[in-house]
Amino acid sequence: MTKHAYIPRTTNYTLNPGDELNDLRMSDQVRPLYDHVRKFIRDTVEPMSIEFAKAGEGKQDRWSFTPKQLEVLEVAKNKAKKEGLWNFFLPDDETGQGLKNLDYAYIASELGKSPLASETMNCSAPDTGNMEVLERVGTKEQKEKWLKPLMNGEIRSAYVMTEPNVASSDAKNISTTAKLVGDEWVINGEKYYISGVGDPRCKILIVMVKTSPDAAPSKQQSQILVPRDTPGVEVLGPMYVFGQDHAPRGHMHMRFNNVRVPKENMLLGEGRGFEISQLRLGPGRIHHCMRTIGKAEKALDLMVQRGLTREAFGKKIAHLGGNMQIIAQARCEIEAMRLMVLKAAKAMDVLGNKEARVWVSMVKAMVPERACKIIDQSIQMHGATGISHWTPLAEMYQDVRHLRFADGPDEVHWMVVGRHELSMA
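Calculation rules
Residues numbered from 1 in each chain as written. Predicted model: local features only at pLDDT ≥ 70, side-chain atom pairs only at ≥ 80, totals over all residues. Heavy atoms only, no water. UniProt positions renumbered as here; feature names shortened; annotations may be inferred. Helix = DSSP H or I, 4+ residues; strand = E, 2+ residues; numbered from the N terminus. Rg over C-alpha atoms; globule rule 2.2 N^0.38 Å. Buried < 20%, exposed > 50% of the residue type's maximum accessible area, 1.4 Å probe, protein only. Contact = heavy atoms within 4.5 Å. Lys, Arg positive; Asp, Glu negative; His and termini not counted. Charge placed at Lys NZ, Arg CZ, Asp CG, Glu CD. Phe/Tyr/Trp six-rings, centres within 6.5 Å; stacked < 30°, edge-to-face > 60°. Pairing = 2+ DSSP bridges. Disulfide = S-S within 2.5 Å. Domains from an automatic or database assignment. Buried area = accessible area lost by both parts, 1.4 Å probe. Salt bridge = Lys/Arg side-chain N within 4 Å of Asp/Glu carboxyl O. Polar contact = N/O pair within 3.5 Å; in protein donor to acceptor, adjacent residues only side chain to side chain.

As annotated in an unreviewed UniProt entry, the protein carries the name Acyl-CoA dehydrogenase and is attributed to Bradyrhizobium rifense. On record in UniProt, under Sequence similarities (unreviewed entry), the comment for the protein is "Belongs to the acyl-CoA dehydrogenase family."

Right under this line is the structure:
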């Protein structure tokens with residue numbers, strides 16, 4: 001038998017103590033802001049969230065907020081603005097805090113622990129991604145009309161991409177059309193799972209359309225600004241996630257029926273939709289992942305609390321069966337996820353969004369899957385209470401499970417990682 005010498009591949013994953021990518025420390029100047037955010041969530045957001053929920057009890061229209069809810073939320077938002085806790089998400093920009101992706105990743109993990117924390121500090125999806133797009137590629141007029149009120153937290157927005165009749169995880173399949181007729185784009189097509197459109201404060205949509213079917217595959221799509229109240233924009237109803245419609249924000253099934261908008265509503269230029277998507281989705285995926293780690297951390301906290309306060313068969317639940325190991329493994333998984341996401345964020349800071357794509361895909365595929373498992377284990381340790389409305393766990397599971405489709409399904413991201421690995425063979 002012929003022996004073959006093992007020749008290691010040259011990859012860019014080799015651990016190098018001098019590599020800037022391995023320095024995952026938060027900037028010293030951002031640490032006070034991080035501490036401030038944590039304190040604000042504890043002292044302001046959590047109490048406000050309880051008041052907000054009570055103010056919505058018994059309302060007649062589920063697809064609305066009560067005046068009291070909006071009042072409670074605005075008080076907290078104004079307090080956040082006054083304390084300088086506003087618009088963290090725009091990296092290296094004068095209109096936001098100018099944080100590095102790595103620094104914001106730490107903050108996003110804290111935001112994920114409280115459902116209303118992101119909105120209170122104007123860091124909610126999909127507004128964050130939409131604002132970043134408008135800031136980066138919007139015209140002066142587009143920024144004045146839509147970015148300014150979004151940055152002020154006066155309106156909400158939606159990103160309209162996914163379609164029911166094609167495999168839209170491959171954006172080349174997008175079939176909603178936009179044709180230039182005179183000085184207007186005329187849009188026709190069907191979309192679904194469009195988050196946030198049900199919110200009565202949603203005023204502007206960024207819509208992914210096909211404008212150039214004869215161009216190269218990556219140049220066929222464009223993104224266009226469509227005001228929510230434009231004639232022909234039809235909301236057919238909410239899509240349900242595990243039986244929940246998530247009113248009043250919802251994930252809507254929509255149809256565009258000869259919707260006309262001025263040609264000036266085109267973002268960046270015809271055929272540049274893919275380019276905009278990469279600008280938008282890189283940071284957004286990191287934000288989702290860190291908020292998800294925050295949810296996993298909360299699930300572990302609840303798991304430990306339950307395990308130490310309930311007894312069965314003469315023992316604390318935490319000491320029954322394999323529960324001790326489940327708790328230990330959850331901690332290990334959270335720390336592994338955290339380090340991976342911090343490195344992906346650092347890669348974006350050092351390499352740029354495009355070159356960091358493989359790192360982003362790694363965490364986008366890995367984090368929701370592992371966080372789902374931890375939340376599920378926490379549900380199990382709570383018994384039947386875990387799937388009830390008495391804990392936030394069921395809602396957390398719904399939210400994190402859907403992330404395995406949002407911004408691209410797991411399989412697409414594993415394909416990106418695997419393809420990159422094979423390219424180094």
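From this point on, the discussion continues.
Draft legend 1. Looking closely at the overall build of the protein. When helices and strands are tallied, the protein shows eleven helices and nine strands. Here the protein has a C-alpha radius of gyration of 23 Å; the compact-globule value for 425 residues is 22 Å, and the two agree. In terms of principal-axis extent, the alpha carbons of the protein reach across some 75 × 75 × 45 Å. Across the 425 residues in the protein, those meeting the buried criterion constitute 51%. Excluding contacts between residues fewer than 6 apart, the proportion of contacts in the protein whose partners are at least 24 apart in sequence is 73%. On the protein, the mean spot of the 57 positive side-chain charges and the mean spot of the 53 negative ones are 3 Å from each other.

Draft legend 2. The packing of aromatic side chains, seen in detail. Here the structure, examined in full by the defined rule, presents four aromatic pairs. Summarising the aromatic geometry, the rings of Tyr-34 and Tyr-106 are spaced 6.5 Å apart at their centres and angled 80° between planes, so their arrangement reads as edge-to-face. Taken together, the positions of Tyr-34 in helix 1 (residues 31–55) and Tyr-106 in helix 3 (residues 101–111) put the pair 72 residues apart, joining distant regions of the chain. With a relative accessible area of 12%, Tyr-34 lands in the buried category.

Draft legend 3. A look at the pairing of strand 3 (residues 184–195). Pairing of strand 2 (residues 177–181) with strand 3, which is carried by five bridges, proceeds in the antiparallel orientation. When the bridges of strand 3 are listed, Val-181 appears paired with Glu-184. The antiparallel pairing of strand 2 with strand 3 creates a hairpin that spans two residues between the two strands, and Gly-182 there sits at a positive phi of about 65°. The pairing of strand 3 with strand 7 (residues 251–262) spans nine bridges and is classified as antiparallel. Each residue of the ladder has a partner; that of Trp-185, found in strand 7, is Val-261.

Draft legend 4. Here's a closer look at the state of the cysteines. Tallying each qualifying case throughout the model produces zero disulfides. Left unpaired, Cys-332 is separated from the closest cysteine sulfur, that of Cys-372, by 19 Å. Judged by relative accessible area, which is 54%, Cys-332 ranks as exposed. Cys-372 carries a free sulfur, and the closest cysteine sulfur to it, the one in Cys-289, is 12 Å from it.

Draft legend 5. Just the environment of Gln-60, in detail. With respect to the helices and strands, the residue Gln-60 is situated in the loop between helix 1 and helix 2 (67–82). A residue is classified by how much of its surface remains accessible, and Gln-60, at 79% relative accessible area, is exposed. The sequence separation of Gln-60 and Arg-156 amounts to 96 residues, and the corresponding C-alpha distance is 22 Å.

Draft legend 6. Structural context of the pairing of strand 1 (residues 156–160). Here strand 1 lies mainly inside the structure; five of its five residues are buried. Side chains of strand 1 alternate between two faces, with Arg-156, Ala-158 and Val-160 and Ser-157 and Tyr-159 buried alike. Here strand 1 runs beside strand 4 (residues 202–210); their pairing, made up of five bridges, is parallel. Paired with Tyr-159 across the strands is Ile-206, a residue of strand 4.

Draft legend 7. Spatial organisation of the domain arrangement of the protein. Domain boundaries assigned for the protein yield domain 1 (22–125), domain 2 (156–267) and domain 3 (274–424). Here domain 1 and domain 2 have C-alpha centroids that lie 28 Å from each other. On the side of domain 2, twelve residues touch domain 1, which itself brings eleven residues to the contact. Approximately 880 Å² of surface area, both sides summed, lies buried where domain 1 meets domain 2, with 58% of it carried by carbon and sulfur atoms. Among the residues domain 1 hides against domain 2, the three largest losses belong to Arg-62, Trp-63 and Phe-65. Together they make up 66% of the total. Across the contact surface, domain 1 and domain 2 share four salt bridges. Note that Arg-62 is salt-bridged to Asp-245, the shortest N-O span being 2.7 Å. In this structure, the connection of domain 1 to domain 2 is made through three residue pairs in polar contact (both at pLDDT 80 or more).

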